[in-house]
Amino acid sequence: MPRIAKYDREKALDDAVRLFWERGYGGASMKQIEQALDMRPGSLYATFGSKDGLFREALAVYAGRMSHSMAEALEASPTIMAGIFAYLRSLTEQITAPDSPARACLVVKTLLEVTADQPELRTLVNQRLQDVEDHLAELFEQARVQGELKPGVDSHRFARLVQAQIMGLRSLAQRDIDTDSIKNLTEDIITALGAFTQHPTTH
């Protein structure tokens with residue numbers, strides 16, 4: 001059976017991200033996956049190997065998009081912390097958009113639903129979250145050295161705090177809460193995080 005073309009594979013992964021993000025890993029049946037990707041079982045298994053294989057690739061696509069979004073915010077900002085605050089605002093815009101499959105993070109949703117008999121999947125999502133935390137810690141250490149953060153700030157602890165704020169914001173946003181309230185909460189988080197900077201600012 002011929003392999004799926006590259007552009008078709010990318011579309012299939014886009015569709016898989018949307019489905020898993022909306023329904024969760026366990027909530028997406030093989031029938032729903034086949035329908036969402038418009039692929040027959042044989043083509044699906046030949047291309048991705050299994051549901052787990054498809055999910056792994058979809059998760060990588062999702063994580064890549066989040067990393068790209070943060071990189072764009074940092075590149076467009078004068079300082080690291082300004083970039084982080086800009087990223088939080090852009091993230092809020094993304095998750096409250098009418099066409100967003102869900103407001104909660106796909107990685108966190110998966111972590112909460114995987115069971116003890118799915119150790120490989122749990123390890124995968126934990127590693128994704130650890131990668132984000134490590135990247136934030138590197139950024140914050142650089143920000144501390146450059147004088148953006150107060151000298152006593154522990155970069156690793158601060159990275160975990162910021163990640164917890166992002167996870168909490170997105171989980172809370174999954175509730176039936178209006179967009180303005182979510183945006184206001186984002187500003188409150190930015191103000192709180194600003195207290196760790198040398199020159200507290202929300203811009």
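Here we summarise the structure given alongside this text. Predicted model only: the values in this text are computed from it and were never measured.

1. Re the nonpolar core
Counting 60 residues, the largest nonpolar core has Phe20, Leu37, Leu54 and Phe140 as its most contacted members. Aside from chain neighbours lying at most four places away, what touches Leu54 is Leu13, Ala16, Phe20, Ile33, Leu37, Leu44 and Phe48.

2. Brief notes about the packing of helix H4 (residues 51–75) against helix H5 (residues 80–95)
Two elements in contact, H4 and H5, have axes separated by 8 Å at closest approach and are oriented at 130°. The orientation of H4 relative to H5 falls into the category oblique. Like other packed secondary-structure pairs, H4 and H5 cross with a definite hand, here right-handed. Seen from H4, the contacting residues are Met66, Ser69, Met70, Ala73 and Leu74; seen from H5, they are Ile80, Gly83, Ile84, Ala86, Tyr87, Ser90, Leu91 and Gln94.

3. What to know about the pattern of salt bridges
All chains considered together, the criterion is met by eight salt bridges. Two residues, Lys11 and Asp15, come together in a salt bridge whose shortest N-O distance is 2.9 Å. Taken as a pair, Lys11 and Asp15 lie in helix H1 (residues 6–23) at a separation of four residues, close to a single helical turn. Notably, a salt bridge pairs Arg144 with Glu141, separated by 2.6 Å at the nearest N-O pair. Taken together, the residues span about one helical turn, with Arg144 and Glu141 both in helix H7 (residues 119–145) at a distance of three residues.

4. Description of the packing of aromatic side chains
All told, the structure shown has six aromatic pairs when counted by the stated rule. Aromatic side chains Trp21 and Tyr62 sit 5.2 Å apart centroid to centroid with 75° between the ring planes, which places their arrangement in the edge-to-face category. You can see Trp21 sitting in helix H1 and its partner Tyr62 sitting in helix H4, a full 41 residues away along the chain. Summarising the aromatic geometry, the rings of Tyr25 and Phe55 are spaced 5.0 Å apart at their centres and angled 75° between planes, so their arrangement reads as edge-to-face. Taken together, the residues Tyr25 in the loop between H1 and helix H2 (30–37) and Phe55 in helix H4 connect sequence positions 30 residues apart. In this pair, the class of Tyr25 matches that of Phe55, namely buried. Each residue in the set Phe20, Tyr25 and Phe55 is aromatic and connected to the rest through ring pairs, giving one cluster.

5. Overview of the environment of Arg144
Accessibility expressed as a relative area gives 28% for Arg144, which makes it partly exposed. In the structure, Arg144 is positioned 86 residues away from Ala58 in sequence and 34 Å away in space, judged by C-alpha atoms. Those residues in contact with Arg144 that sit more than four places away from it in its chain are Leu149, Lys150, Pro151, Val153 and Ser155.

6. Overview of H2
Ile33, Glu34 and Leu37 are the residues of H2 that are buried. In an axial view of H2, the angular spread of the buried residues amounts to 100°, which keeps them on one side of the axis. Relative to its buried face, H2 has exposed residues pointing more than 90 degrees away, namely Lys31 and Gln35. Of the residues flanking the end of H2, it is Asp38, one or two places downstream, whose phi is positive at about 55°.

7. Describing the side chain of Ser100
You can see Ser100 is positioned in the loop between H5 and helix H6 (106–113). The buried category is assigned to Ser100, whose relative accessible area is 18%. Once residues lying within four places of it in the same chain are set aside, the contact partners of Ser100 are Trp21, Gln94 and Ile95.

What counts and what doesn't
Residues numbered from 1 in each chain as written. Predicted model: local features only at pLDDT ≥ 70, side-chain atom pairs only at ≥ 80, totals over all residues. Heavy atoms only, no water. Core = buried A, V, L, I, M, F, W, Y, C linked by side-chain atoms within 4.5 Å. Buried < 20%, exposed > 50% of the residue type's maximum accessible area, 1.4 Å probe, protein only. Contact = heavy atoms within 4.5 Å. Axes fitted to C-alpha atoms, helices over the stretch in contact; angles between N-to-C directions. Helix = DSSP H or I, 4+ residues; strand = E, 2+ residues; numbered from the N terminus. Parallel < 35°, antiparallel > 145°, perpendicular 65-115°, else oblique. Left-handed = near helix turned anticlockwise from the far one by under 90°. Salt bridge = Lys/Arg side-chain N within 4 Å of Asp/Glu carboxyl O. Phe/Tyr/Trp six-rings, centres within 6.5 Å; stacked < 30°, edge-to-face > 60°. Arc of directions from axis to C-beta.

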